[in-house]
Amino acid sequence: MTNDEKIALFEKEIEYIEIEDIKEFCEKAITIVPDYFFEVPASSSGKFHSSLECGFGGLVYHTRSVAKIANYLVNLQQYKSKLNEVEKDCVICAALLHDCLKHDWENKTGFSVHQHPMLAAEFIKTDKRLNNIINDEIRAIIGDAVASHSGEWTTSQRSKIILPSPHTLVQELVHLSDYIASRGDIHILLEGEA
């Protein structure tokens, strides 16, 4: 898959981002993430995601759903008045990148890894291929929102790593968007899908 094809999968959702530098950063990050991201289901068990997200390309569908929900939330008056434009765009960017390393860099097991939020956050904050697009403060806002997107589910029996919980409004909105999109009994229909 070419970089243009990768970006095209998220074209509608990337357009929610209004600040060009943040949009460019998000597009660049999407071109770097592992190829499996564009093929694997969002859930191998089907326990935490709708059937629309559990087949081939399900992680892309889930990611688009999270970004769609995030866009609705940041444009609600109750949140719009509390977020500046940078924060709003950080929510959307974090929604698009929150699961970008769901199976780590190499997808060795075929299953999500507990620490995937922290792996993705580290990528967002430090990968040199993403340098000189946005400043480090904005990278940290996006990265921290990705790191805490699991919300209250900070531990796993399969790992000793404790994930951070959301503390800022940006972090809470990314978690809430992912939480809603991950409910198996809610089917988010995306434009052009039936």
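Scoring rules and cut-offs
- Residues numbered from 1 in each chain as written.
- Predicted model: local features only at pLDDT ≥ 70, side-chain atom pairs only at ≥ 80, totals over all residues.
- Heavy atoms only, no water.
- Helix = DSSP H or I, 4+ residues; strand = E, 2+ residues; numbered from the N terminus.
- Rg over C-alpha atoms; globule rule 2.2 N^0.38 Å.
- Buried < 20%, exposed > 50% of the residue type's maximum accessible area, 1.4 Å probe, protein only.
- Contact = heavy atoms within 4.5 Å.
- Salt bridge = Lys/Arg side-chain N within 4 Å of Asp/Glu carboxyl O.
- Expected span 1.5 Å × (residues − 1).
- Axes fitted to C-alpha atoms, helices over the stretch in contact; angles between N-to-C directions.
- Left-handed = near helix turned anticlockwise from the far one by under 90°.
- Nonpolar A, V, L, I, M, F, W, Y, C, P; charged D, E, K, R; others polar.
- Core = buried A, V, L, I, M, F, W, Y, C linked by side-chain atoms within 4.5 Å.

Undergrad: What's the story with the overall build of the chain in this structure? I'm lost.
TA: On a plain count of helices and strands, the chain comes out with nine helices and zero strands. N-terminal to C-terminal, the α/β element order of the chain is α-α-α-α-α-α-α-α-α. Taking 16 Å as the expected radius of gyration for a compact globule of 194 residues, we find that the chain reaches 15 Å, a close match to that expectation. Seen through its principal axes, the chain has C-alpha atoms that stretch 40 × 35 × 35 Å. Across the 194 residues of the chain, 52% fall into the buried class. Considering only contacts in the chain between residues 6 or more positions apart, those separated by 24 or more positions represent 64%.

Undergrad: What's the story with the pattern of salt bridges in this structure? I'm lost.
TA: Pairs can form between side chains of opposite charge whenever their charged atoms are close. Within the structure shown, the criterion is met by nine salt bridges. Taking the shortest distance from any N to any O, the salt bridge between glutamate 15 and lysine 23 comes out at 3.4 Å. Of the charged contacts, one joins lysine 102 and aspartate 99 as a salt bridge, the two residues approaching to 3.7 Å between their closest N and O atoms. Each member of the pair, lysine 102 together with aspartate 99, is buried.

Undergrad: What's the story with unusual backbone geometry in this structure? I'm lost.
TA: Negative phi characterises most residues that are not glycine, and trans characterises most peptide bonds. Of note in this structure, aspartate 104 is not a glycine but carries a positive phi near 70°. Along the polypeptide, aspartate 104 turns up in the loop between α6 (85–97) and α7 (116–126). At asparagine 132, a residue that is not glycine, the phi angle is positive and equals roughly 65°. On the secondary structure map, asparagine 132 appears in the loop between α7 and α8 (136–147). For asparagine 132, a relative accessible area of 80% translates into the label exposed.

Undergrad: It is not clear to me how helix α9 (residues 169–181) should be interpreted in this structure. Could you clarify?
TA: Since the α-helix advances by 3.6 residues per turn, residues separated by three or four positions end up pointing in the same direction. Across its 13 residues, α9 extends 18 Å between first and last C-alpha, which sits within 8% of the 18 Å expected from 1.5 Å per residue. Inspection of α9 places Val170, Gln171, Leu173, Val174, His175, Ser177, Asp178 and Ala181 among the buried residues, and these make up the whole buried set. Those residues of α9 that are buried lie in contact with α4 (58–74), α5 (77–80), α6 and α8.

Undergrad: What is the right way to read the environment of serine 43 from this model?
TA: Looking at the secondary structure, you find serine 43 in the loop between α3 (20–32) and α4. C-alpha separation for the pair serine 43 and asparagine 107, spaced 64 residues apart in sequence, amounts to 14 Å.

Undergrad: Would you mind going over the packing of α6 against α9 with me for this structure?
TA: Two quantities define a packed helix pair, namely the angle between the helix axes and the distance between the axes. At a minimum axis separation of 9 Å, α6 and α9 run at an interaxial angle of 35°. Crossing hand, α6 versus α9: right-handed. Residues Glu87, Cys90, Val91, Ala94 and Ala95 of α6 form the contact with α9, whose participating residues are Val170, Leu173 and Val174. Tallied by class, the residues present in the contact of α6 with α9 amount to seven nonpolar, no polar and one charged.

Undergrad: Any chance you could explain the nonpolar core here in plain terms?
TA: Nonpolar side chains in soluble globular proteins tend to be buried together. Grouped together as the largest cluster of nonpolar side chains are 54 residues, with contacts concentrated most on Phe10, Phe25, Cys93, Leu96, Leu97, Phe123 and Ile142. Listed by contribution, the elements that provide at least two residues to this core are α3, α4, α6, α7, α8 and α9. Those residues within four positions of cysteine 93 in sequence are excluded, and the remaining contacts are Ile17, Ile22, Phe25, Cys26 and Ile142.

Undergrad: Where do I start with the side chain of aspartate 127 in this structure?
TA: Positionally, aspartate 127 belongs in the loop between α7 and α8. With residues up to four places along the chain from it excluded, the contact list for aspartate 127 reads Glu122 and Arg139.

Undergrad: Quick question: what am I supposed to make of α4 here?
TA: For α4, built from 17 residues, the straight-helix expectation of 24 Å at 1.5 Å per residue is met to within 8% by its first-to-last C-alpha distance of 24 Å. With 16 of 17 residues buried, α4 lies mostly within the body of the structure.

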